[in-house]
Number of protein chains: 2
Amino acid sequence: MGSTPTPRSFSLHPQLVEDCHALGQLRFCHLLLHRNAAVPWFILVPQTEVIDLLDLPPVLRSKALDDATRVSRFIKQQLGYPKVNFAAIGNVVPQLHLHVIGRREGDPCWPAPVWGHLKDTASYTAEQIEKIRRGIEALS
Amino acid sequence: MGSTPTPRSFSLHPQLVEDCHALGQLRFCHLLLHRNAAVPWFILVPQTEVIDLLDLPPVLRSKALDDATRVSRFIKQQLGYPKVNFAAIGNVVPQLHLHVIGRREGDPCWPAPVWGHLKDTASYTAEQIEKIRRGIEALS
């Protein structure tokens with residue numbers, strides 16, 4: 001992560017910057033970690049101006065899904081979550097972004113989806129964030 | 001739709017059968033239409049025993065997304081919705097199923113995602129369902 005230059009014209013939506021820690025760059029997507037540590041909630045932002053996932057050309061769609069799959073493997077293999085929720089919604093923040101969220105029975109909003117249902121909050125330490133960043137980087 | 005035989009071992013989860021109208025078979029997925037007509041809410045069920053979308057082998061994942069893209073095109077081009085929400089959640093119904101939902105400003109739960117937020121209900125007539133089925137079939 002961090003080696004692919006970002007096109008000059010590309011910038012993250014301010015709401016995503018406010019809500020998330022920036023972890024770096026995957027092959028096609030910026031990788032963000034939602035600040036709410038109640039569940040492991042990653043947000044991937046593909047470098048494109050397309051708004052909806054299903055409007056991406058298939059090659060780019062596969063690149064985005066490959067990045068999401070890498071994060072999903074990290075959530076399952078390294079964090080030990082058995083289930084991953086995946087979504088591209090974007091009704092509030094129009095910039096295309098993909099939610100990849102580790103879930104398990106008994107987590108703070110199980111079985112509801114997180115959006116609008118996750119009332120608990122928790123924070124990451126800088127050390128935890130760095131450990132996660134390195135863990136995903138190692139899953140090449 | 002309707003031409004690809006379903007493997008004998010494959011059956012839809014009873015909750016999906018209860019919640020949806022069955023529209024037929026896309027290339028890889030069964031196509032269902034949620035009975036709540038408040039928003040155009042399609043559910044695609046890939047013929048696989050894999051539980052999470054991001055665990056599908058990339059070739060099958062692309063097939064599932066191609067089917068979802070076809071439904072998204074129908075929602076945008078034929079139903080005139082500008083936005084499509086896409087998600088694979090499955091915390092309640094474990095069988096892999098993909099939500100493809102038409103959204104627009106001012107719809108009954110805009111801008112919230114539908115899950116747990118869509119309070120309005122409406123029903124389709126048999127004629128409306130058949131028109132939708134034929135409309136998607138025509139988008140090959």
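These figures come from a predicted structure and were not determined experimentally.

Rules of the game
- Residues numbered from 1 in each chain as written.
- Chains lettered and ligands numbered in written order.
- Predicted model: local features only at pLDDT ≥ 70, side-chain atom pairs only at ≥ 80, totals over all residues.
- Helix = DSSP H or I, 4+ residues; strand = E, 2+ residues; numbered from the N terminus.
- Contact = placed C-beta atoms within 7 Å.
- Least-squares fit on C-alpha atoms with pLDDT ≥ 70 in both.
- Axes fitted to C-alpha atoms, helices over the stretch in contact; angles between N-to-C directions.
- Parallel < 35°, antiparallel > 145°, perpendicular 65-115°, else oblique.
- Left-handed = near helix turned anticlockwise from the far one by under 90°.
- Nonpolar A, V, L, I, M, F, W, Y, C, P; charged D, E, K, R; others polar.
- Core = buried A, V, L, I, M, F, W, Y, C linked by C-beta atoms within 7 Å.
- Buried ≥ 20, exposed ≤ 12 C-beta atoms within 10 Å, placed from the backbone.
- pLDDT = per-residue confidence, 0-100.
- Pairing = 2+ DSSP bridges.

I'm lost on the environment of A68 of chain A in this one. Help?
As for its placement among the helices and strands, A68 of chain A is situated in helix α2 (residues 58-78). Considering only alpha carbons, one finds A68 of chain A and L98 of chain A, 30 residues apart in sequence, at a separation of 7.8 Å. If we ignore the near neighbours within four places in the chain, the residues touching A68 of chain A are L44, F86, L98 and V100 of chain A together with L54 of chain B.

Mind showing me how you'd approach the relation of the copies chain A and chain B here?
One chain copy maps onto the other through a rotation about an axis and a shift parallel to that axis. Note on the identical chains: chain A maps onto chain B by a rotation of 180° and an axial translation of 0.0 Å, with an RMSD of 0.0 Å. Read as a symmetry element, the transformation amounts to a two-fold axis. When each C-alpha of chain A is compared by its distance to the rotation axis, A87 of chain A comes out closest, at 2.0 Å. Of all interface residues in chain A, 100% are interface residues in chain B too; the two copies therefore contact each other through one and the same surface.

What am I meant to see in the environment of P58 of chain A here?
Note on placement: P58 of chain A falls in helix α2. Distance from P58 of chain A to L26 of chain A, taken between C-alpha atoms, is 18 Å for residues 32 residues apart in sequence.

How should the packing of α2 of chain A against helix α2 (residues 58-78) of chain B be read in this particular structure?
A pair of packed helices can be characterised by two numbers: the angle between their axes and the separation between those axes. Running from amino to carboxyl end, α2 of chain A crosses α2 of chain B at an angle of 125°, the nearest separation of the two axes being 11 Å. Considering the angle they form, α2 of chain A stands oblique to α2 of chain B. The handedness of the crossing between α2 of chain A and α2 of chain B is right-handed. Residues P58, R61, S62 and L65 of chain A of α2 of chain A form the contact with α2 of chain B, whose participating residues are P58, R61, S62 and L65 of chain B. Here the contact of α2 of chain A with α2 of chain B is built from residues that sort into 4 nonpolar, 2 polar and 2 charged.

What am I meant to see in the nonpolar core here?
Proteins that are soluble and globular tend to have nonpolar side chains buried together. Core analysis: the biggest nonpolar cluster contains 72 residues, and L44 of chain A together with L44 and F86 of chain B have the highest contact counts within it. Other than its neighbours up to four places away in sequence, L44 of chain B contacts L26, C29, L31, A64, D67, A68, V71, H97, L98 and V100 of chain B.

Help me out: how do you make sense of the confidence of the model for chain A in this one?
The predicted coordinates should not be examined in detail at positions where pLDDT is low. For chain A, per-residue confidence averages 94 on the pLDDT scale, and 94% of positions sit at 70 or higher. Reported confidence for the predicted complex is 0.94 by ipTM and 0.94 by pTM.

Please explain the interface of chain A and chain B as it appears in this structure.
In many analyses, interface size is given as the accessible surface area lost on bringing the parts together. Taken together, the contacts link 27 residues of chain A with 27 residues of chain B. Where the side of chain A that touches chain B is concerned, the elements lending two or more residues are α2 and β4 (83-88) of chain A. Examining the composition of the side of chain A that touches chain B, we find that 7 residues originate from one element, α2 of chain A, more than from any other. Along the lines of polarity and charge, the residues of the side of chain A that touches chain B split into 16 nonpolar, 7 polar and 4 charged.

In this structure, what is going on with the pairing of strand β1 (residues 20-25) of chain A? I would like to understand it.
Side-chain positions along a regular strand alternate between the two faces of the sheet. One ladder, built from 5 bridges, connects β1 of chain A with strand β2 (residues 29-34) of chain A; its direction is antiparallel. Residue A22 of chain A lies in a different strand from β2 of chain A, and its bridge partner there is L32 of chain A.

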